[in-house]
Amino acid sequence: MDEKTKTQLASCGSFTGILLLLFIILSGLVFLSLSSWENGLRKNTDYVLQGYSENLHCGEMLPIKEGIVTSAAFYQLMDKDTVKGYAAIVRMTTYYGPVPAVFIQEQNSSEVIFAGVYGLRSSINMEFSNDSNDLVINYWKDKCSRIFDEYKKSLEDGE
Amino acid sequence: MNKSLYFIFTAAAFSMLVCAPGRFAYGFVLMLEFLLIISGASAFSYLVKTLKLENLKSVLNLAFIMFLTIAFKLVLVLVSPVMALTLSFVIYVPAISAFMLSSVLTNEEKTVKDGVAKNLVTSLVFALFTLVFFFVRDVAGFGTITLPAKYGITEKVLFDVHKSAFFSFFASVPGALMMVAVTVAVIILLQNKFSIIEKAGTQNDSE
Amino acid sequence: MILNSFLFYFIFASAVLIYGIGINSNAEVTYSRKNLLPVIIKSYVCVISTVVFSFLINKFLLLPVGLIELYPMFALLVFMALSVFIEILIQVTAKKSASEFAIAFLCVVLALNEGITLVDAIIIAFSCLTSFYLLIPFLYAILRRIDSVKNLDAYSQKCSMFFIMVVFILALYSLNISWFNMGLLR
């Protein structure tokens, strides 16, 4: 092999090597952060759910296989110890920037309810409510409904 | 910091200032990320030069910047998952901005340390401006000062926003956009005035 | 559903004004060059093809393994490869701009993040790019109108752009308000 091919092979080799190393480090970090993601977001969703209705809290995380799981988390909705439906905490981009919004769907209904936003106070929190015909909230309700329907369908297919 | 450099920074990091949530905690985190990426990218460019991979420079730089961003997000998940969730799109903006700023950043210094330090100093004024900007947005828009905390953000309430709901406009995206525009206009005005005074001063000296 | 997604990212939560994609490039408004059309076609083709390939990589490679957080890295590599390939095909000789890369890549990231199905992701990417390119004539028209009245230097033009965008965002937010709410009359 002449010199030029050797240098080109060396370049390609170092390029691939660098990329592989970066992927390996990131994969390690992903697995380290999994439990923090699940538990931390469960705490925040519980906080909002308790503001909505006293006995509600989150159960197990749903194994949703969509790209949206990098900016959302989905849980079983529990009323004390009984499974009541599904809950989701999603990043909803609004007029005030992105906010973590909680949506719930009860088991036998197809309606998704907006339960609240985590971390917003007073006059700005009043802007967000389930009754408003806010186009952004309605869009996300629709999206959550589709995700829950897909999950229910995958459960039925799995059985 | 001269006028054009300031503009380049503001233009590149504009979406970070305007479209992020208006709380100091988020501004602090985004600023940390921005500085991390600037220093990481300048250090990495020296590695690329050493390995003689100049023809693949832009791809490698971008890949490394994206690596730093995703790694930062995963570390943020370990610290405060809800902040990582809220910032899950905005966190890619400083990465793209840092790439766009690569034309103003230098990698011609002799050692890696000098190069990284010089780039950090260039970015520092912008970093401080961003922190002040988010602080004002937080206080005016929400009436609180927020800091990152385990599993969320901690709030120190300063005053009840019910009484001054008008200022909650600054918590929103158009409010932030207006604040940036007004700040930039004021800075241009001041710089023009100072340059007139300077010119007058040098004219007097030459006479 | 398709129209809903398109309108959402185009108007209701505009990708440019609320998500912030390309908000700084719009403020520059240097798009008075004649060969804008090949650049636009190239960016649409590039973005949509990247979304398709990256979505398939996400679905069949990353999601089963649980490494979906790495999707921007893969999207970036696919994007760069496709961008070079399409440039050879279309032979676009326009000057390469970092801000055009920024806008296109952010659209891809947003589409992959928020798209539930492949069609949804394509619609979102298409809608974000359309919202960016369609805002330019509006801003340019207003800027030309201001220019005819008052001569502004480059920096003042940028400031006026920001104020115009504030007005746009407020105008779009008016869609959220129920103007005929009876509470107003009480």
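For the structure itself, consult the block above.
Below is a summary of the structure that appears in this document. (Residues numbered from 1 in each chain as written. Chains lettered and ligands numbered in written order. Predicted model: local features only at pLDDT ≥ 70, side-chain atom pairs only at ≥ 80, totals over all residues. Heavy atoms only, no water.)

## Details of the overall build of chain C
Stated precisely, the cut-off is as follows: By the criteria applied, helices consist of DSSP H or I runs no shorter than four residues and strands consist of E runs no shorter than two, each listed in order from the N terminus. In this description, contact between two residues means that some pair of their heavy atoms is separated by no more than 4.5 Å. In this description, accessible areas are obtained by the Shrake-Rupley approach with a 1.4 Å probe, and a residue is regarded as covered only by the protein chains that are shown.
If you tally the helices and strands in chain C, you get seven helices and zero strands. In chain C, the proportion of contacts linking residues at least 24 apart, taken out of those at least 6 apart, comes to 76%. For chain C, the accessible area works out to roughly 8700 Å², and carbon and sulfur atoms hold 71% of it.

## What to know about the state of the cysteines
All names here are of chain C. So the rule is basically this: The rule for a disulfide is simple: a pair of cysteine sulfur atoms within 2.5 Å. Think of it in three bands: with a 1.4 Å probe and only protein chains considered, a residue is buried below 20% of the maximum accessible area for its type, exposed above 50%, and partly exposed in between.
Counted under the stated rule, the structure contains zero disulfides over all chains. For C46, which is in no disulfide, the shortest distance to another cysteine sulfur is to C107 and amounts to 11 Å. We note that C128 lacks a disulfide partner, and the nearest cysteine sulfur, in C107, lies 4.7 Å from it. On the basis of relative accessible area, C128 is assigned to the buried category, the value being 1%.

## Remarks on the packing of aromatic side chains
Keep this limit in mind: Whether two aromatic rings pair depends on their centres lying within 6.5 Å, for rings of Phe, Tyr and Trp, where Trp uses its six-membered ring; planes under 30 degrees apart make the pair stacked, over 60 edge-to-face, and the rest tilted.
Summed over all chains, the structure comprises 28 aromatic pairs over all chains. Geometrically, the ring pair formed by Y139(A) and F8(C) is stacked, given 3.8 Å between the ring centres and 10 degrees between the ring planes. With one member in each of two chains, Y139(A) in helix α3 (residues 135–158) and F8(C) in helix α1 (residues 2–12) form a pair that bridges those chains. With relative accessibility at 4%, the residue Y139(A) sits in the buried group. Owing to a relative accessible area of 0%, F8(C) belongs among the buried residues under this scheme.

## Brief notes about the pattern of salt bridges
Pairing between side chains becomes possible if they bear opposite charge and their charged atoms approach one another. Residues and elements named next belong to chain B. The cut-off we apply is this: By convention in these notes, a salt bridge is any Lys or Arg side-chain nitrogen within 4 Å of a carboxyl oxygen on Asp or Glu.
In the structure shown here, the tally under the stated rule is eight salt bridges over all chains. R23 is paired through a salt bridge with D138; the nearest N and O atoms lie 3.7 Å apart. Residue R23 is found in the loop between α2 (14–18) and α3 (24–50), and its partner D138 is found in helix α7 (residues 112–142); the two are separated by 115 residues along the sequence. By relative accessible area, R23 is classed as buried at 3%.

## Concerning the interface of chain C and chain B
The criterion, for reference: Using a 1.4 Å probe, buried area is obtained as the accessible area two parts lose upon being combined, added over both of them. Under the rule applied, a polar contact is a pair of N or O atoms within 3.5 Å (in protein, one hydrogen donor and one hydrogen acceptor; residues adjacent in sequence only if both atoms are side-chain atoms). Side-chain classes follow a simple rule in which Ala, Val, Leu, Ile, Met, Phe, Trp, Tyr, Cys and Pro form the nonpolar group, Asp, Glu, Lys and Arg form the charged group, and the remainder, Gly included, forms the polar group.
Each partner contributes to the interface: chain C provides 34 residues, whereas chain B provides 35 residues. Buried surface at the junction of chain C and chain B, both sides included, amounts to about 3100 Å², of which 84% is carbon and sulfur. Counting the contacts that link chain C with chain B gives one salt bridge. Where K73(B) meets E69(C), a salt bridge forms, and the shortest distance between an N and an O atom there is 3.3 Å. Taken together, the connections running from chain C to chain B amount to one residue pair in polar contact (both at pLDDT 80 or more). At the level of secondary structure, the elements contributing two or more residues to the side of chain C that touches chain B comprise α2 (23–28), α4 (71–90), α5 (98–114) and α7 (154–173) of chain C. A breakdown of the residues in the side of chain C that touches chain B according to their chemical character gives 27 nonpolar, four polar and three charged.

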